[in-house]
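Report on the structure
One letter stands for each residue in the lines below.
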Amino acid sequence: MEKWRKILQKGCASPEEIAEKFHLDAGKLRAVAAQFPFFVNPYYFSLIREKGDGIYRQCIPDERELSGSADLMKDPLGEEAHTPAPCVVRRYEDRCLLLVSNRCAMYCRFCTRKRKFETPMCVDREKVLQGIEYIRKEPAIRDVLVTGGDPLLLEDSLLEEYLEKVHAIPHVDYIRIGSRVPCVLPQRITGKLLKMLKKYHPLYMNVHFNHPDEITEESARALRRLADGGIVLGSQTVLLKGVNDDPHVLQALMRRLLACRVRPYYLFHADLVFGTEHFRVSLKKGLELMDFLRNESSGMAVPHYAVDLPGGGGKVQLVPDHQVARNGKKVTFRNFCGELWDFPDTEE
Ligand SMILES: *Cc1c(COP(=O)(O)O)cnc(C)c1O
Ligand code: SF4
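This text gives an overview of the structure that appears in the document. (Residues numbered from 1 in each chain as written. Chains lettered and ligands numbered in written order. Predicted model: local features only at pLDDT ≥ 70, side-chain atom pairs only at ≥ 80, totals over all residues. Heavy atoms only, no water.)

Before going further, it helps to spend a moment on the overall build of the protein. On a plain count of helices and strands, the protein comes out with 13 helices and 12 strands. For the protein, whose C-alpha radius of gyration is 21 Å, the value lies close to the compact-globule estimate of 20 Å for 348 residues. Along the first, second and third principal axes, the C-alpha atoms of the protein reach 65 × 55 × 40 Å. Here the protein holds 348 residues, and 53% of them are scored as buried. Pairs at least 24 residues apart make up 75% of the contacts formed inside the protein by residues separated by at least 6 positions. In the form shown here, the protein has an accessible surface area of approximately 16300 Å², with 52% of it arising from carbon and sulfur atoms. Computed over 51 positive and 48 negative side-chain charges, the inter-centroid distance for the protein is 4 Å. (Helix = DSSP H or I, 4+ residues; strand = E, 2+ residues; numbered from the N terminus. Rg over C-alpha atoms; globule rule 2.2 N^0.38 Å. Buried < 20%, exposed > 50% of the residue type's maximum accessible area, 1.4 Å probe, protein only. Contact = heavy atoms within 4.5 Å. Areas by Shrake-Rupley, 256 points an atom, 1.4 Å probe, with all protein chains shown as cover. Lys, Arg positive; Asp, Glu negative; His and termini not counted. Charge placed at Lys NZ, Arg CZ, Asp CG, Glu CD.)

On the secondary structure map, Leu250 appears in helix H12 (residues 247–259). Between the alpha carbons of Leu250 and Leu289 there is a distance of 8.0 Å; along the sequence they are 39 residues apart. Those residues in contact with Leu250, other than ones at most four positions away along the chain, are Thr237, Asn244, Leu267, Leu289 and Leu293.

Below, the discussion takes up the sheet that holds strand E6 (residues 232–239). Reading across the sheet, the 9 strands line up as E1-E2-E3-E4-E5-E6-E7-E8-E9 and stay open at both edges, with mixed pairing between neighbours. In the strand order of this sheet, the two ends are held by strand E1 (88–89) and strand E9 (314–318), each with one partner. In terms of strand pairing, strand E7 (residues 263–269) meets strand E8 (residues 304–309) through 3 bridges, oriented parallel. Each bridged residue has a counterpart across the sheet, and for Tyr266 the counterpart in E8 is His304. Against the sheet, helix H13 (residues 283–296) makes contact with E6, E7, E8 and E9, and its axis sits at roughly 160° relative to E8, the strand it touches most. (Pairing = 2+ DSSP bridges. Axes fitted to C-alpha atoms, helices over the stretch in contact; angles between N-to-C directions.)

What follows concerns the pairing of E8. Handedness of the crossover is the feature at issue here: the chain leaves E7, passes through H13, returns alongside E8, and the resulting connection is right-handed. In this structure, E8 lies alongside E9, joined through 5 bridges in antiparallel fashion. Note on E9: the bridge partner recorded for Val307 is Val316. Here E8 folds back onto E9, and the loop between the two strands holds 4 residues, one of which, Gly311, carries a positive phi near 90°. (Right-handed = clockwise from strand over helix to strand, strands pointing away.)

Right, let's get into the site of ligand 1. As a structural note, the neighbourhood of ligand 1 is formed by Val89, Arg91, Tyr92, Arg95, Leu97, Leu145, Arg176, Tyr265, Tyr266 and Lys315. Arg95 places a side-chain nitrogen or oxygen 2.8 Å from an oxygen atom of ligand 1. The contact in question runs from an oxygen atom of ligand 1 to an N or O atom on the side chain of Arg176, over 2.8 Å. The protein chains hide 89% of the 380 Å² of surface that ligand 1 would expose on its own. The set of elements that each furnish at least two residues to the shell around ligand 1 consists of strand E2 (95–99) and E7. In terms of residue class, the shell around ligand 1 is made up of 6 nonpolar, no polar and 4 charged. (Near = heavy atom within 4 Å. Polar contact = N/O pair within 3.5 Å; in protein donor to acceptor, adjacent residues only side chain to side chain. Nonpolar A, V, L, I, M, F, W, Y, C, P; charged D, E, K, R; others polar.)

Counted under the stated rule, the structure contains 26 salt bridges. A salt bridge links Glu138 to Arg90, with the shortest nitrogen-to-oxygen separation between them at 2.7 Å. On the criterion of sequence distance, the pair formed by Glu138 in the loop between helix H7 (125–136) and strand E3 (143–147) and Arg90 in the loop between E1 and E2 is long-range, its members being 48 residues apart. Overall, the relative accessible area of 25% leaves Glu138 in the partly exposed class. A relative accessible area of 12% means that Arg90 is categorised as buried. By sharing partners, the salt bridges in this structure join Arg125, Glu126, Glu161 and Lys165 into a single network. (Salt bridge = Lys/Arg side-chain N within 4 Å of Asp/Glu carboxyl O.)

Tallied over the entire structure, the rule returns 9 aromatic pairs. Note on Tyr174 and Tyr204: the rings are 5.3 Å apart at their centroids and 55° apart in plane angle, and the pair reads as tilted. Of the two residues, Tyr174 is situated in strand E4 (residues 174–179) and Tyr204 in strand E5 (residues 203–208); the sequence distance between them amounts to 30 residues. Seen from their ring centres, Tyr265 and Tyr266 are 4.3 Å apart, and the 45° between their planes marks the pair as tilted. (Phe/Tyr/Trp six-rings, centres within 6.5 Å; stacked < 30°, edge-to-face > 60°.)

Structural data, given as structure tokens:
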């Protein structure tokens, strides 16, 4: 059996074991896990250094998950309303999501798709194939983002069937895979998988990393293999209180990603998911963090900071504003070390 399967099969510590190890109330843990399933594989679990650290918070249930406030929704992005075909989410003319799996190598406590763990939807091959049929009939779609759950938890052969079908659609220019597996189960990036993926270029992969401690020897090796396979790597990170809402943590993460040949792509403001309030950071703080990243590191290390508007408004990008005044043609900016500089603008 392949190593990654063994790791997944070994499964997860029970709420009782977790409670004992971290001195928690097993009853409360079980109550949370009954609402929002709990699963962390032994590899990711082994990255916890101490109770409450950035890894711990992402995978261990917290009783605050049960105290959701009214403006936090179970389907925060209104995805159910933007589903023109099974397993397809389309909000833009030229690109769409194709949900091919509802399994993950662990369940992140802040996940937008929490509700999908309760009601498995797109595990069903027939439905995914219907989704691909829809894409085939929509010539405006040029970019298909294969996601889930985690697409890399599918069998190689099933994933290949989907990729082959999407790849064969003439109007699809390239495929993107969204996956957290290189971070949470890097052993899954096998030579066999790579050999298969390489047949479906141009292929991009957005990997999901939230904390510098997630970059280990194993995950760095997985990223190197993907990059060597010609897959262009980007990252997405969710901004999470107590995990990465610290300028130096965020900067270390972006730098380490770049050193692993991953270009930071998105920093997502956390979605309004029920039971994730304790993870939420203000937009103001988010912008301050972005300003720090931009001022203190290369533009290469700066992702787009985006909010997915609740209800299906799509993503908007937030950018720290460095223009402090405008006087006729003269525009005044604040530079990276806080000095004011003028720029003579051109009239329209
Ligand atoms: C995020 C998203 C995309 C991809 O958007 P990019 O900004 O191009 O990365 C496509 N469709 C939906 C529904 C999305 O939420
Ligand atoms: S891996 Fe992604 S989809 Fe799965 S639980 Fe984590 S954030 Fe959600």
